[in-house]
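Structure assessment
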Amino acid sequence: MPTLPPTFPMTTLPDAEALVGQLVDQLRPHVSPDTAMVGIATGGAWLAERLHRSLGLAIPLGLLDISFYRDDYSSSGLKASVKPSRIPFDVDDRDILLVDDVLYTGRTTRAALNELFDYGRPRSVHLVVLADRDERQLPVAARFVGATVRVPPGCSLELRRDAHGILALALEARLDAGNTPAPAGPSGAGAGR
Amino acid sequence: MSQANPQLNARGGLQHLLTIEGLPQEIVRHILDTAGSFVGIGEREVKKVPLLRGKSVFNLFFENSTRTRTTFEIAAKRLSADVINLNVNTSSTTKGESLLDTVDNLAAMNADMFVVRHAQSGAPHLIARHVRSQPHLHVVNAGDGRHAHPTQGLLDAYTIRHYKRDFAHLSVAIVGDILHSRVARSLIQVLRTLGTPDVRVIAPQTLLPTGIEGMGVKVFHDVEKGLRETDVIVMLRLQNERMRGPLLPSAQEFFKTYGLTAERLALARPDAIVMHPGPMNRGVEIDSLVADGGQSVILPQVTFGIAVRMAVMSILAGGS
């Protein structure tokens, strides 16, 4: 395991671009020509695009939109823009890096694992996240973490991508300060978590 | 329709799908976009998502239909719902039970959704009105009389969008038995809702409802004039079972005057697509060469129909 990720107090957010570089360094010794990568829409997919390119992975990048697997569907419904999931490789017996922007309750990860297993039976799945909020409600852990970030109550931590493709973390106040993830954020922002 | 749209809940979300009429364009687009995400699921190792797990969907078919019932059943099962098929014409109604008593009994069995096909126009509306005090219950119209067949209209729109991308410059011709066709009605409404500038209906006067021009379509009696420069041709089945009295000389005569042959198809744009809601009568409204030809998208319509029905059911069940 690499050194422990840095922990940031709630007032300062780490530089997402620097964290991408750190994640690439962390991941490099663990990838092989057979390693596959899957990003979780939306923010996780942005991060996965960057990691996939930097690591020069040969197997095409996969994308999961977990909307059809969410556990809060019966109360929140379907968000307006569900993207089709696309796994352009055979999942069976594959080592897969599952990439998300922010790890929070663990519910998104659970949904993503459920969906991934509907494509086949991977040999291993390891979770890669840019930021870990460390407020888990499920037994989920990331193996590769950019930084641990403490988020003030009533806020969500979001990844954003500007017109030049630069990634940045941002805090967003949210109305439902409960446990359920907020519905789809404004365009240009990853799903708030 | 009355002042308050019975299909929408208090927040403007979709509560029932009864007709395309009065449906906001955003909801139509939301259904089509969501269907796009469901198309790929049919090609996966596990052709299911858990959205409707634990929900009970009742297929209430008061009128015969194999394809529509089957595609609704497949759609519900791919959403992980439990599906109960009732061929009601062979069941309680023959013992004298009223439609609404049947519905109450099924609601007492904790139904979550009714998919209703009925020979009487308005039957799904009646059921929707009857269950309005139970907001967890959703009604989908799977075809009522001559009135509406909204999921067919939506799947036709999905198919057209798949091949033509956009509705803004399209010319669409609907040919055949418009009079008895709830498919034609729903298709015209969805095309108008999505801003299709040129919608044509082509049929003999006896197979056109009066006042059809009021739906924003151009009427043609001459198929060769009507098909010129069209992008999409939708052929309809001659519904002999609904015809009362002689509306046509014969099926052969109809084919001679209105049937889609390769020569007539050549009058449309070279990249025009040919659609048919099925079941089709080869040699009556469409020639086999055209039905099986390179411009036919009749079978993709069936595949897309499942995804569209999955989208409708998941949007309904997620809105309560």
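Just so it is clear, the model here is predicted, and its values are computed rather than measured.

Along its length, chain A carries four helices and eight strands. Considering only residue pairs separated by 6 or more positions, chain A has 70% of its internal contacts joining residues 24 or more positions apart. With an accessible surface of roughly 8600 Å², chain A has 54% of that area assigned to carbon and sulfur atoms.

All names here are of chain B. The element strand β6 (residues 198-202) is extensively covered by neighbouring structure, given that five of its five residues are classed as buried. Inspection of the sheet shows strand β5 (residues 171-175) paired to β6 by five bridges, in the parallel sense. By the bridge assignment for β6, Ile-174 is matched with Val-201. On the question of chirality, the crossover connecting β5 to the parallel β6 by way of helix α6 (residues 182-193) is right-handed.

We now examine the interface of chain A and chain B. Each partner contributes to the interface: chain A provides 16 residues, whereas chain B provides 20 residues. Across the chain A/chain B interface, buried area totals approximately 1400 Å², and carbon plus sulfur atoms make up 58% of it. Together, Phe68(A), Tyr73(A) and Asp118(A) form the three largest contributors to the area buried by chain A at its contact with chain B, with a combined 45%. At the boundary of chain A and chain B, one finds two salt bridges.

Further remarks concern the pattern of salt bridges. Going through the model one piece at a time under the given rule, you end up with 24 salt bridges over all chains. For Lys77(B), the salt bridge identified is with Glu73(B), shortest N-O distance 2.8 Å. You can see Lys77(B) and its partner Glu73(B) sitting in helix α2 (residues 67-78), four residues apart, about one turn around the helix. Judged by its relative accessible area of 37%, Lys77(B) falls in the partly exposed class. Here Glu229(B) makes a salt bridge to Arg269(B), at a shortest N to O gap of 3.4 Å. Here Arg269(B) lies in the loop between α9 (262-265) and β9 (273-275) and Glu229(B) lies in the loop between α7 (223-226) and β8 (232-235), a separation of 40 residues in the sequence. Judged by its relative accessible area of 43%, Glu229(B) falls in the partly exposed class. Sharing partners across several salt bridges, the network here consists of Glu115(A), Asp118(A) and Arg44(B).

A surface patch of like charges, here negative, comprises Asp90(A), Asp92(A), Asp93(A) and Glu45(B). Mapped onto the elements of the fold, Asp93(A) is located in the loop between α3 (73-76) and β4 (95-103). Under the relative-accessibility criterion, Asp93(A) is labelled exposed at 53%.

What follows is about the confidence of the model for chain B. Averaged over all residues, the pLDDT of chain B equals 92, while 95% of them reach at least 70. Overall fold confidence for the complex sits at a pTM of 0.87, while the interface term, ipTM, reaches 0.73.

Before going further, it helps to examine the packing of aromatic side chains. Applying the stated rule across the entire model yields four aromatic pairs over all chains. Measuring from centroid to centroid gives 5.5 Å for Phe254(B) and Tyr258(B), while their planes differ by 25°, and the two rings are stacked. Of the two residues, Phe254(B) and Tyr258(B) are both situated in helix α8 (residues 251-258); the distance of four residues between them amounts to about one turn of the helix. Looking at Phe254(B), the relative accessible area reads 1%, which means it is buried. In this structure, Arg133(A) is placed above the aromatic ring of Tyr104(A), and the distance from its NZ or CZ to the ring centre is 3.7 Å. A cation over a ring is seen here: Arg309(B) above Phe72(B), with NZ or CZ 4.8 Å from the ring centre.

The linkage connecting Ala41(A) with the following residue, Thr42(A), adopts the cis geometry, with an omega of 0°. Relative to the elements of secondary structure, Thr42(A) occurs in the loop between β2 (35-40) and α2 (43-55). Omega for the bond connecting Gly278(B) with Pro279(B) falls within 30 degrees of zero, at -10°, which places this linkage in the cis form. Within the secondary structure, Pro279(B) sits in the loop between β9 and α10 (288-291). With a phi close to 65°, Asn110(B) is a non-glycine residue in the positive phi region. Counting through the fold element by element, Asn110(B) comes out in the loop between α3 (99-108) and β3 (113-118). Given a relative accessible area of 58%, Asn110(B) falls into the exposed group.

Criteria and cut-off values
Residues numbered from 1 in each chain as written. Chains lettered and ligands numbered in written order. Predicted model: local features only at pLDDT ≥ 70, side-chain atom pairs only at ≥ 80, totals over all residues. Heavy atoms only, no water. Helix = DSSP H or I, 4+ residues; strand = E, 2+ residues; numbered from the N terminus. Contact = heavy atoms within 4.5 Å. Areas by Shrake-Rupley, 256 points an atom, 1.4 Å probe, with all protein chains shown as cover. Buried < 20%, exposed > 50% of the residue type's maximum accessible area, 1.4 Å probe, protein only. Pairing = 2+ DSSP bridges. Right-handed = clockwise from strand over helix to strand, strands pointing away. Buried area = accessible area lost by both parts, 1.4 Å probe. Salt bridge = Lys/Arg side-chain N within 4 Å of Asp/Glu carboxyl O. Patch = residues over 30% accessible without salt bridge, like charges linked within 9 Å, V, L, I, M, F, W, Y side chains within 5 Å. Lys, Arg positive; Asp, Glu negative; His and termini not counted. Charge placed at Lys NZ, Arg CZ, Asp CG, Glu CD. pLDDT = per-residue confidence, 0-100. Phe/Tyr/Trp six-rings, centres within 6.5 Å; stacked < 30°, edge-to-face > 60°. Lys NZ or Arg CZ within 6 Å of the ring centre and 35° of its normal.

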